[in-house]
Amino acid sequence: MKTIFLSGIIAIFTSVIFNPLWAQQVRFHVSPKGDDSGNGTEQAPFGTIEKARIEAYKTKDDVTIFLHEGVYRLSSPLVFTPKEGGTLTVRAHYGEKAVISGSILLENLQWKPYKNGIMQTKISGTPVMDMLTVNGEIRHQARYPNYDPDAIRFNGTAADAIAPARVKKWKNPVGGYIHVMHAHDWGDFHYLITGKDNGGKVLNMDGGWQNNRQSGWHNSNRMVENIFEELDAPCEWFYDASKSTLYYYPPEGEDVNTAVFESSQIKHLVEIRGSEANPVRNISFEGLDFTHTLRTFMKKYEPLLRSDWTIYRGAAIFFEGAENCSLKNCNIYNIGGNAVFFSKYNRDCEVSGSYLTRIGASAICFVGDPKAVRSPSFEYSQFVPLKNMDRAVGPKSNNYPARCRVHDNLIHKIGLYEKQITGVELSMSRAITVSHNSIYDTPRAGINVSEGTWGGHVIEFNDVFNTVKETGDHGSFNSWGRDRFWHPNRKIMDSIAASDPELILADAIETTILRNNRFRCDRGWDIDLDDGSTNYHIYNNLCLNGGLKLREGFYRVVENNILVNNTFHRHVWFKDNGAVFVRNIVTIPYEQTGGYDLKGAIIDDNIFTDSLSYNTARKYGTDSNSIVSRPEFVNPASGDFRVSAGSTEIFRTGFQNFDMDNFGVVSNRLKAIAEKPQFTIPAFAANKVDAELITWESIKIKNLETPGERSATGMDSERGVYVVAVSAYGNELRDYLKSNDVILGFAGKPVNSIDDLFNALADADLTKPQQMIVFRNQKENVIVIPGKTIRTKN
């Protein structure tokens with residue numbers, strides 16, 4: 001009996017000693033009021049995070065660094081290299097707000113009037129003056145045209161931004177910036193002005209490397225900033241370094257003498273620096289605020305293979321060579337470039353529970369090493385000849401992110417300065433899980449996959465909307481797949497696919513899954529699988545507006561999705577591409593662009609909501625077993641698009657309902673502030689008006705004439721022209737009209753029908769700006785359509 005008792009005591013003692021939960025814990029405290037000569041206790045905290053980091057690296061035990069209330073201003077990034085033994089957690093002390101900032105306070109300012117409402121003050125020292133905040137709000141440099149929160153691109157653009165007549169007024173524009181959209185709205189370019197001539201011509205510009213599709217400038221979407229002569233509107237500023245003088249135009253009601261002025265000084269706040277051979281392990285940042293970094297659009301960029309992207313490999317929080325490192329429950333805001341970046345080798349890392357907003361470029365990026373790619377090419381028109389092609393499957397090395405997770409993050413108001421950006425970027429990476437994120441208010445895609453290398457991603461339960469707001473030909477989810485088999489010459493690419501089919505999956509070696517997401521794009525596709533996108537399984541997604549596009553690619557299975565007020569878009573398909581499109585609810589006719597080949601594809605058992613859509617599909621030779629049935633959704637006005645139990649015919653196709661209340665963020669603090677997309681009640685066209693759905697200026701319109709359409713739009717009567725869908729292509733009219741709009745007037749004439757609209761167009765001078773009355777958001781809105789935007793009168 002004594003032996004049994006003694007052995008039990010020994011077992012308990014042994015479990016306590018060796019249980020990791022009982023492992024030695026070391027705690028250091030840091031406070032802005034502390035001193036590095038202290039011992040790091042709560043009573044005598046260190047004064048800097050760097051001092052705590054140095055002390056933490058002296059022990060092999062688990063360490064927690066507690067940051068107490070206050071702002072920790074950095075003059076250089078915090079760099080974490082491999083630590084021998086133990087975990088390291090850097091976190092805010094319980095219930096306290098700890099802010100890690102890359103800014104300095106501009107202090108002892110002696111403001112005095114300059115002229116026309118502009119104030120001026122001397123600035124001591126030689127600070128970087130690139131991104132300025134006043135009372136925590138970003139202020140914009142002196143610019144033309146002036147900042148307009150409602151403008152489509154760059155918050156205001158003008159064709160004459162660098163016209164000689166304007167440039168002549170600039171005494172010394174050196175140091176100013178030119179921002180211009182791509183000719184086809186595929187992102188943007190940025191330039192530093194380095195000189196001008198007396199005739200008003202900008203002679204020298206440095207830049208243009210920020211886009212991987214060098215197709216020229218847009219002829220009117222241009223903006224200049226950091227030009228002293230353009231300082232003429234509230235919230236603008238200019239810093240004259242030669243005089244150490246800051247000029248600032250305060251908005252009404254702002255007292256410059258009590259306001260807090262901060263200027264960002266560094267590009268990165270935190271850097272994790274390791275490698276596959278010597279990784280940084282088990283470091284976590286929790287409950288912290290990260291803010292104030294420099295803009296990076298003029299830094300060194302690199303192409304992401306043959307995608308449309310180039311990118312700055314850096315961010316406010318930068319991970320390289322990390323294992324099991326994480327960023328949890330943090331706030332990241334007022335960032336000049338990328339917010340979070342996982343570069344090259346990273347494994348089992350995580351960003352979760354965090355709020356990212358007011359970000360200059362992308363929010364979260366995973367980008368591998370191009371040296372890990374076999375036979376890489378680096379621009380759309382480049383290719384490696386077949387005779388020189390490395391034909392081995394998969395990556396050459398492990399120097400890329402894999403098995404990482406982006407979960408429960410709120411991401412919005414990003415791409416403040418750069419437009420070829422996204423909420424979550426995946427490039428040269430593998431098996432990244434992107435789940436339960438709410439992503440909106442982005443100039444380009446919400447989630448972007450730059451190429452097929454190397455697949456295996458799981459993208460699920462995300463809520464992605466209000467995307468592609470400043471660009472075009474894109475989607476809320478976008479992907480490219482210009483991998484080894486892909487070639488810019490279509491005939492050559494077809495021959496490669498036929499003669500060397502083993503190359504098709506040589507890079508996209510694992511299936512990427514899109515499931516249980518909610519997407520809405522009002523200026524493009526909800527889901528856009530562009531050039532070459534291969535090896536995807538797409539199911540249980542609610543597409544609220546832009547439909548789904550499959551361009552040329554292989555092995556895409558699309559099933560059990562709901563396409564509200566839009567359709568399935570087939571673009572220039574390969575022969576025998578293995579596409580499957582089944583058991584989807586489709587609400588307008590299929591669309592196809594360019595050549596297509598349905599051999600070997602399975603397109604069937606779908607549910608069409610009207611006979612026109614069904615008959616169109618049958619003309620294409622598809623959908624022999626599909627049906628026409630108008631589903632009764634449970635409560636579409638509140639976003640519940642489950643099919644009611646009474647729609648038995650639909651369920652016989654094999655269609656199954658999926659969760660409608662599990663999209664987006666899940667943590668209470670983020671759910672409380674996350675927005676939701678606009679829900680459009682489907683306006684299924686009655687058979688008698690099927691033929692009246694017409695395309696005008698790449699916009700699908702019809703007469704508003706059914707109770708369902710009136711309910712969908714919020715109109716109080718059945719009149720006007722109903723905008724059913726806005727194409728991702730088309731002309732710039734897509735900047736002014738949205739799906740679910742109702743056109744009620746044009747050029748001073750009432751519009752009660754399509755005939756009225758075309759009559760008003762015929763009588764109007766379309767080379768000049770014209771007013772359009774549009775019913776949107778429960779009210780009539782006056783929209784000015786610029787001259788030459790509308791090209792056809794019928």
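Quick look at the structure, then.

A word on the nonpolar core. Core analysis: the biggest nonpolar cluster contains 83 residues, and Phe290 and Val340 have the highest contact counts within it. Not counting residues up to four positions away in its chain, the partners in contact with Phe290 are Ile100, Leu269, Val270, Phe285, Ile317, Leu327, Cys330, Asn331, Ile332, Tyr333 and Ile335. Counting 23 residues, the second largest nonpolar core, distinct from the first, contains Ile699, Val723, Leu737 and Ala764.

Attention now goes to the environment of Pro303. For Pro303, the location among the structural elements is in strand E24 (residues 302-303). What makes Pro303 partly exposed here is its relative accessible area of 27%. Excluding its chain neighbours within four sequence positions, the residues that come into contact with Pro303 are Asn212, Trp309, Thr310 and Phe378.

Another aspect to go through is the pattern of salt bridges. Inspection of the entire model under this criterion finds 46 salt bridges. A salt bridge links Asp494 to Arg490, with the nearest nitrogen and oxygen atoms 2.8 Å apart. In this pair, Asp494 and Arg490 are both assigned in helix H4 (residues 490-499), four residues apart and thus about one turn of the helix distant. With a relative accessible area of 33%, Asp494 lands in the partly exposed category. Between Lys549 and Asp528 there is a salt bridge; the shortest N-O distance is 3.0 Å. Residue Lys549 is located in strand E48 (residues 548-550), and its partner Asp528 is located in strand E45 (residues 525-529); the two are separated by 21 residues in the primary sequence.

We now examine H4. Of the residues making up H4, those classed as buried are Met493, Ile496 and Ala497. The buried residues of H4 occupy an angular sector of 95° when projected down its axis, which confines them to one face. Turned more than 90 degrees from where H4 packs its buried face, Lys491 and Ala498 sit exposed. Here H4 starts with a cap whose side-chain oxygen sits 3.0 Å from the backbone nitrogen of Lys491, and that cap is Asn489.

Moving on, we get to the packing of aromatic side chains. In the structure shown here, the tally under the stated rule is 31 aromatic pairs. Centroid distance Phe66 to Tyr94: 5.4 Å. Interplanar angle 55°. Geometry classified as tilted. Residue Phe66 is located in strand E2 (residues 62-67), and its partner Tyr94 is located in the loop between strand E5 (88-92) and strand E6 (98-101); the two are separated by 28 residues in the primary sequence. With a relative accessible area of 2%, Phe66 lands in the buried category. With centroids separated by 4.8 Å and ring planes inclined at 50°, the aromatic side chains of Phe228 and Tyr247 adopt a geometry described as tilted.

This next bit is on the sheet that holds strand E8 (residues 112-115). One open sheet accounts for eight strands, arranged E7-E19-E10-E11-E17-E18-E9-E8; its pairing is mixed. What marks the edges here is a single partner per strand, and that holds for strand E7 (103-105) and E8. Along the sheet, successive strands turn relative to each other by an average axial angle of 35°, direction set aside. Looking at chain direction, E8 and strand E9 (residues 118-122) are connected through three bridges and run antiparallel. Paired with Pro113 across the strands is Met119, a residue of E9.

Rules and cut-offs
Residues numbered from 1 in each chain as written. Predicted model: local features only at pLDDT ≥ 70, side-chain atom pairs only at ≥ 80, totals over all residues. Heavy atoms only, no water. Core = buried A, V, L, I, M, F, W, Y, C linked by side-chain atoms within 4.5 Å. Buried < 20%, exposed > 50% of the residue type's maximum accessible area, 1.4 Å probe, protein only. Contact = heavy atoms within 4.5 Å. Helix = DSSP H or I, 4+ residues; strand = E, 2+ residues; numbered from the N terminus. Salt bridge = Lys/Arg side-chain N within 4 Å of Asp/Glu carboxyl O. Arc of directions from axis to C-beta. Polar contact = N/O pair within 3.5 Å; in protein donor to acceptor, adjacent residues only side chain to side chain. Phe/Tyr/Trp six-rings, centres within 6.5 Å; stacked < 30°, edge-to-face > 60°. Pairing = 2+ DSSP bridges. Axes fitted to C-alpha atoms, helices over the stretch in contact; angles between N-to-C directions.

As far as function goes, none of this settles anything; it's purely spatial.
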